[in-house]
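So the chains spell out like this:
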Amino acid sequence: MAVVLQGFGALSGLSSSDSLNSKTLQLGSFKSRLERNGSVLFVRSEGRFSGSSNPRKLITTNAVAAKADTSTSSTASKPGHELLLFEALREGLEEEMDRDPRVCVMGEDVGHYGGSYKVTKGLAPKYGDLRVLDTPIAENSFTGMAIGAAMTGLRPIIEGMNMGFLLLAFNQISNNCGMLHYTSGGQFTIPVVIRGPGGVGRQLGAEHSQRLESYFQSVPGLQMVACSTPYNAKGLMKAAIRSENPVILYEHVLLYNLKERIPDEEYVLSLEEAEMVRPGEHVTILTYSRMRYHVMQAAKTLVNKGYDPEIIDIRSLKPFDLYTIGNSVKKTHRVLIVEECMRTGGIGASLRAAIIENFWDYLDAPIMCLSSQDVPTPYAGTLEEWTVVQPAQIVTAVEQLCSS
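Definitions and limits used
- Residues numbered from 1 in each chain as written.
- Predicted model: local features only at pLDDT ≥ 70, side-chain atom pairs only at ≥ 80, totals over all residues.
- Heavy atoms only, no water.
- Helix = DSSP H or I, 4+ residues; strand = E, 2+ residues; numbered from the N terminus.
- Expected span 1.5 Å × (residues − 1).
- Buried < 20%, exposed > 50% of the residue type's maximum accessible area, 1.4 Å probe, protein only.
- Core = buried A, V, L, I, M, F, W, Y, C linked by side-chain atoms within 4.5 Å.
- Contact = heavy atoms within 4.5 Å.
- Polar contact = N/O pair within 3.5 Å; in protein donor to acceptor, adjacent residues only side chain to side chain.
- Pairing = 2+ DSSP bridges.
- Axes fitted to C-alpha atoms, helices over the stretch in contact; angles between N-to-C directions.
- Parallel < 35°, antiparallel > 145°, perpendicular 65-115°, else oblique.
- Left-handed = near helix turned anticlockwise from the far one by under 90°.
- Nonpolar A, V, L, I, M, F, W, Y, C, P; charged D, E, K, R; others polar.
- Salt bridge = Lys/Arg side-chain N within 4 Å of Asp/Glu carboxyl O.
- Phe/Tyr/Trp six-rings, centres within 6.5 Å; stacked < 30°, edge-to-face > 60°.

Asker: Tell me about helix α8 (residues 291-304), residues and numbers included.
Answerer: Over its 14 residues, α8 extends 20 Å from the first C-alpha to the last, a length consistent with the 20 Å expected when each residue adds 1.5 Å. Burial of α8 is extensive: 10 of the 14 residues sit out of reach of the surface. Regarding α8, the residues found buried are M291, R292, Y293, H294, V295, M296, A298, A299, L302 and V303. Looking one or two places after α8, you find G306, whose phi comes out positive at around 100°.

What follows is the structure, encoded as C-alpha cells:
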C-alpha cells in the first residue's frame with residue numbers, strides 16, 4: 001500500500017506495506033467479501049509466536065528498509081483510483097447517502113461551503129438542505145438535535161469544524177449519545193457518527209490542537225476509531241455510518257492531503273480491528289493516526305540499524321483489538337506505544353493497562369509509552385514540535401527496549 005504525503009515536509013514520501021488477501025468482513029447484518037486488489041486489503045495478524053526472549057540474538061546485520069517499503073512501482077500502474085484522505089471520506093459518505101436515505105449531515109458550514117476541510121463539498125446541491133444541514137455556531141444544540149434525530153430513526157453525521165469545539169457538546173455526547181440505549185432499556189438506538197479534524201496541526205494554538213480521544217474514552221456506550229490513510233478513512237466512515245452504536249471518528253488535520261490508491265469496488269472495514277502495517281520480530285510498536293507516519297519514518301532508521309519492528313495501527317481506540325495486539329506481544333515480548341494524545345489519562349495509558357492485565361507473562365521488558373507532553377500546545381512552531389513525539393525519540397526508545 002503506497003502512500004504519498006503532499007505538503008507535510010519531513011513526512012513526504014512515506015510508504016507502508018500491508019498483507020494482501022481475500023477477507024470476509026461481518027458488520028452487523030452487513031457482510032461483504034473484499035477481493036484481493038493488489039494494494040490495500042487488510043489481513044489480521046497471523047499470530048506467529050517467537051520463543052526467544054532476547055531479540056538482540058535475532059537481529060540481522062544485513063537488514064534493509066525494503067521490508068517496510070516494498071512498493072517500488074508507480075501507484076498509477078495499480079488498480080483502483082487515487083484519492084486524498086478528505087476525498088476518501090467524502091466518497092464513503094456519499095456512497096452511504098446514496099444507499100440509505102436516512103443518512104444526513106449537520107454542522108457548521110457543511111452545506112454550500114463544503115465543510116471547513118471540504119469533506120462535504122458538493123453534497124448540499126446533490127441532496128438538498130434537509131440532508132446536508134448548515135447549523136448555527138452552537139455545538140451543544142445541533143449535537144443534541146442529531147441525537148434526537150437518531151432516536152427517531154435517522155442516521156445523522158455530526159461534523160465538528162474542529163474537534164475541540166465539541167467539548168461544548170460534552171454533556172450531549174456523554175450523558176445522551178453514549179447512555180440513551182442503556183437508560184431507555186434498549187428502546188432507542190443512537191446510530192450517530194461524530195467526526196471532524198483534530199490533533200496538533202501547524203501552529204493552530206492550544207485550543208485548536210485538542211486530542212479528544214482522551215476525553216471520551218471513559219464514556220460508556222461510545223465507540224472510537226481513528227483513520228490514518230485514505231483507504232481506512234473511507235472504510236471506517238462507511239462502517240461507522242452503518243453501525244447501530246454512536247461512533248466517534250477521529251481525523252487528523254495534517255493527514256487530509258495524504259494520497260493513496262484505493263479499490264474501485266465497495267468495501268467496509270471493521271470498527272474493532274487493528275491494522276498490521278509492518279510485520280516484525282523484535283518489538284511491537286502500537287500507534288494510530290498521524291503518529292503512524294512518524295513511526296514508519298523511524299522504522300527505516302531502525303531497520304538499517306538491524307532492528308525488526310512490528311508496527312500496528314490500532315485504529316480502534318475503543319474497544320482495543322486485543323487479538324491482534326496480543327498475538328504481536330506473544331511474538332516480540334516487547335511493546336512501545338507511540339501516540340499524540342496526552343500522557344496522563346491518554347489512550348497509551350489505557351492500552352498499557354490492558355496489555356499488562358492480559359499479556360503480562362509474555363513481556364520481557366517494561367512497556368514504554370511515548371506521548372505528547374502534558375502542556376497546552378504552544379503556538380510557536382519550534383515549541384509545538386517539542387511537545388509531540390518525533391521519529392528520533394522512537395528510534396532511541398526501541399534501542400533501549402531491545403537492549404534490556
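Asker: Now, about the nonpolar core: what can you tell me, with residues and values included?
Answerer: One finds F216, I248, Y250, L286, I314 and I355 to be the most contacted residues of the largest nonpolar core, which totals 45 residues. At the level of elements, β5 (103-107), α3 (139-151), α4 (170-177), β9 (223-226), β10 (247-252), α9 (322-332), β16 (335-342) and α10 (347-359) are the ones that each hand at least two residues to this core. A total of 5 residues in this core trace back to one element, the largest contributor, which is α10. Beyond its immediate sequence surroundings of up to four residues, L286 is in contact with I312, I314, I325, V335, L336, I337, V338, L351 and I355.

Asker: Before we move on, could you go through the side chain of T120 and cite the residues and values that matter?
Answerer: With respect to the helices, strands and loops of the structure, T120 is situated in the loop between β5 and α2 (123-127). From its side chain, T120 meets the backbone oxygen of G114 in a polar contact 3.1 Å long. A polar contact of 3.3 Å, which involves the side chain of T120, links it to the backbone nitrogen of G115. Contacts of T120, omitting those with residues within four sequence positions, involve L93, V105, V110, G111, G114, G115 and E159.

Asker: Describe the pairing of strand β14 (residues 309-313), and please don't skip the residues or the numbers.
Answerer: Taken across its 5 residues, β14 has 5 buried, putting it largely inside the fold. The side-chain alternation of β14 yields two buried faces, one formed by P309, I311 and D313 and the other by E310 and I312. Summarising the sheet, strand β12 (residues 275-278) and β14 pair through 3 bridges and their orientation is antiparallel. Paired with E275 across the strands is D313, a residue of β14.

Asker: If you had to explain the packing of α9 against α10 to someone new, which residues and values would you point to?
Answerer: Geometrically, a packed helix pair is captured by the angle between its two axes and the distance between the axes. The contact between α9 and α10 brings their axes to 11 Å, and the two run at 65°. By the angle between their directions, the pair α9 and α10 is classed as roughly perpendicular. Crossing of α9 against α10: the hand is right-handed. On the side of α9, the interface is formed by L322, I325, G326, V329 and K330, while α10 contributes L351, A354, I355, N358 and F359. Counted by class, the contact of α9 with α10 contains 7 nonpolar, 2 polar and 1 charged residues.

Asker: Tell me what's going on with the pattern of salt bridges, and back it up with residues and numbers.
Answerer: If the charged atoms of two oppositely charged side chains come close together, the side chains can form a pair. Inspection of every chain in the model, using the stated rule, returns 22 salt bridges. With a shortest N-O distance of 3.4 Å, K126 and D98 are connected by a salt bridge. Of this pair, K126 sits in helix α2 while D98 is found in helix α1 (residues 85-99), placing the two residues 28 residues apart along the sequence. Residue class for K126 comes out partly exposed when judged on its relative accessible area of 43%. The closest approach of N and O atoms between D100 and R102, which form a salt bridge, is 2.9 Å. Here D100 falls in the buried class, since its relative accessible area comes to 6%.

Asker: Mind laying out the packing of aromatic side chains, listing which residues take part and the relevant values?
Answerer: A complete count under the given rule lists 3 aromatic pairs for this structure. Summarising the aromatic geometry, the rings of Y117 and Y256 are spaced 4.9 Å apart at their centres and angled 25° between planes, so their arrangement reads as stacked. Taken together, the residues span a long stretch of sequence, with Y117 in the loop between β5 and α2 and Y256 in the loop between β10 and β11 (258-262) at a distance of 139 residues. Look at Y117 and you get partly exposed, because its relative accessible area is 31%. With relative accessibility at 3%, the residue Y256 sits in the buried group.

Asker: How would you explain the sheet that holds strand β13 (residues 283-287) if you had to name every residue and give the values?
Answerer: Strand order across the open sheet formed by 5 strands is β12-β14-β13-β16-β17, with mixed pairing between neighbours. Two strands in the sheet have a free side with no partner beyond their single neighbour: β12 and β17 (368-372). Taken over all neighbouring pairs, the strand axes of this sheet differ in orientation by 25° on average, direction set aside. Pairing of β13 with β16, which is carried by 3 bridges, proceeds in the parallel orientation.

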